[in-house]
Amino acid sequence: MAVELKVPPLGESITEAVVGKWNKKPGDAVSADEPLVVLETDKVTIDVPAPAAGSLASVAFKEGDKVRVGDVLGLIEAGAGAAARPAAAAAPTAPAPAPVAAAAPAQESDARITPTARKMAEENKVDVSQLRGSGAGGRITKEDVLGQLNRPAAPSQPAAPAQPAGPRPNAAREERVRMTPLRKRVAERLVQAQSNAALLTTFNEVDMGEVMALRKKYNDKFQARHGVKLGFMSFFVRASIEALKAFPQVNAEIDGEDVIFKHYYDIGVAVSGSRGLVVPVIRNADKLSLAELEKGVGDLGTRARNDKLTLPELQGGTFTITNGGIFGSMLSTPIINPPQTGILGMHNIVERPVARDGQVVIRPIMYVALTYDHRLIDGREAVQFLVRVKECIEDPERLLLDV
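An account of the accompanying structure is given in this report.

The rules behind each value
- Residues numbered from 1 in each chain as written.
- Predicted model: local features only at pLDDT ≥ 70, side-chain atom pairs only at ≥ 80, totals over all residues.
- Heavy atoms only, no water.
- Helix = DSSP H or I, 4+ residues; strand = E, 2+ residues; numbered from the N terminus.
- Buried < 20%, exposed > 50% of the residue type's maximum accessible area, 1.4 Å probe, protein only.
- Contact = heavy atoms within 4.5 Å.
- Areas by Shrake-Rupley, 256 points an atom, 1.4 Å probe, with all protein chains shown as cover.
- Patch = residues over 30% accessible without salt bridge, like charges linked within 9 Å, V, L, I, M, F, W, Y side chains within 5 Å.
- Salt bridge = Lys/Arg side-chain N within 4 Å of Asp/Glu carboxyl O.
- Lys, Arg positive; Asp, Glu negative; His and termini not counted.
- Charge placed at Lys NZ, Arg CZ, Asp CG, Glu CD.
- Pairing = 2+ DSSP bridges.
- Axes fitted to C-alpha atoms, helices over the stretch in contact; angles between N-to-C directions.

Broken down by element type, the protein carries nine helices and 18 strands. Counting all 403 residues of the protein, 39% fall into the buried class. In the protein, the share of contacts with a sequence separation of at least 24, taken over all contacts with a separation of at least 6, comes to 64%. When the accessible surface of the protein is summed, it comes to about 22,800 Å², and 53% of that surface belongs to carbon and sulfur atoms.

For the rest of this paragraph, the subject is unusual backbone geometry. Leaving glycine aside, a negative phi is the common case for residues, and trans is the common case for peptide bonds. Here the residue pair Pro-338 and Pro-339 is connected by a cis peptide bond, since its omega of 5° sits within 30 degrees of zero. Tracing the sequence through the fold places Pro-339 in the loop between β15 (319-323) and β16 (342-346). Backbone geometry places Asp-33, a non-glycine residue, at a positive phi of 70°. Position of Asp-33 relative to the elements: it lies in the loop between β3 (29-30) and β4 (35-40). Despite not being glycine, Asp-357 has its phi angle at roughly 55°, a positive value. With respect to the helices and strands, Asp-357 occurs in the loop between β17 (349-356) and β18 (359-373). Overall, the relative accessible area of 81% leaves Asp-357 in the exposed class.

Time to look at a positive patch on the surface. A grouping of Lys-66, Arg-132, Arg-178 and Lys-184 is seen on the molecular surface, where their side chains present a positively charged patch. Topologically, Lys-184 is positioned in helix α4 (residues 181-196). Overall, the relative accessible area of 37% leaves Lys-184 in the partly exposed class.

This part covers a nonpolar patch on the surface. On the surface, a cluster of nonpolar side chains totalling about 280 Å² of accessible area is made up of Phe-203, Met-330 and Leu-331. Locating Phe-203 in the fold gives a position in strand β9 (residues 199-207). Judged by its relative accessible area of 38%, Phe-203 is partly exposed.

Here strand β2 (residues 16-22) runs beside strand β7 (residues 66-68); their pairing, made up of three bridges, is antiparallel. Along β7, the bridge assignment pairs Ala-17 with Val-67. The pairing of β2 with β4 spans four bridges and is classified as antiparallel. Within β4, the residue paired with Val-18 across the bridge is Glu-40.

Here the focus is the pattern of salt bridges. Applying the stated rule across the entire model yields 17 salt bridges. Residues Glu-34 and Lys-24 are paired through a salt bridge, measuring 3.3 Å at the closest nitrogen-oxygen approach. Here the residue Glu-34 occupies a position in the loop between β3 and β4, and Lys-24 occupies one in the loop between β2 and β3, the gap between them amounting to ten residues. Note that Arg-375 and Asp-373 form a salt bridge whose closest N and O atoms lie 2.6 Å from each other. Judged by its relative accessible area of 2%, Asp-373 falls in the buried class. Salt bridges linked by common partners bring Asp-207, Arg-356 and Arg-363 together as one network.

Glancing now at the sheet that holds β4. Taken in spatial order, the four strands of this open sheet run β5-β4-β2-β7, and their pairing is antiparallel. The sheet terminates laterally at β5 (45-49) and β7, the two strands that pair on one side only. Neighbour-to-neighbour, the strand axes of this sheet turn through a mean angle of 45°, independent of strand direction.

Okay, structure coming up:
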């Protein structure tokens, strides 16, 4: 008995995905609940498990194809010892249809074009062999035919192309790879942020000496008690929350002609996952201890690298922190994560000569940056926000005494 492997619900507002990787080939034995195929969306990656034990009889979509919720990805021949179908090795591009009394050309046409699109193409004498389908599995739809009909005719004297016609001159030394849905979504949101907000960045420097001394003194005891190392991120999360409480505009968002002030602190932490930049959110971060913050950041980072984050963990967030310092960045201008109005950028720590009490001394300095939406936040508030973060980090007892 054949069991259908379908695209499961992908989450709120997500209706399509891209087939990222098949873990099995047609003919391979599969176990119940074994991950068979990885689907990539613009937010998360999802493993689709086998609904039954048996063997993978056929696959309907190859890697890179777009699929929608409910599409049949393939067929599983149920039964632990089920043999693969003889035609499975061919990996058909669509589930094998039941035999019908029709000529071979009609079957081939049905496989790559919808009936409505085929009828429209015949009536308007459109050569479907020249069309590229946008439907599931590359199937030609009515919209594809309409697009061809509405395309303006080529001029008799075409303008000179912007690029030389023909193949790329260095094609043999280049590799073309399709952009992943996640990377496309990140690109769209970054362009959206640049286009729809008045972004400005202000900078400051932080003397990390006191925090580093605190870590050195208590890290072993902290790790022995809590099972996690004492890092810098928990201090910056707590310092940011103190600054957000003092300057609530940085924790707000613009909604049309209204400003929404958020009296909670869900802090996004930008991390580099295996498929691109993601920003998981630490909920109610103001209610967490330093140990709980370190555990939360570490857990989210590990699961981001292993593509195990869930959609709810990536949604929301009132303010974001990104740490380019772990990659060696000295200074940057981070881009806000819409609809948020601010993002804090951390950077690497470098020993620099600074003046202290009339003396030049060497201190561990980190440059920090705040990018903010100038539509809502004035320069005064942005500068004072960074000053508050600086004060909390340079005098970490303030975080413990809440002063």
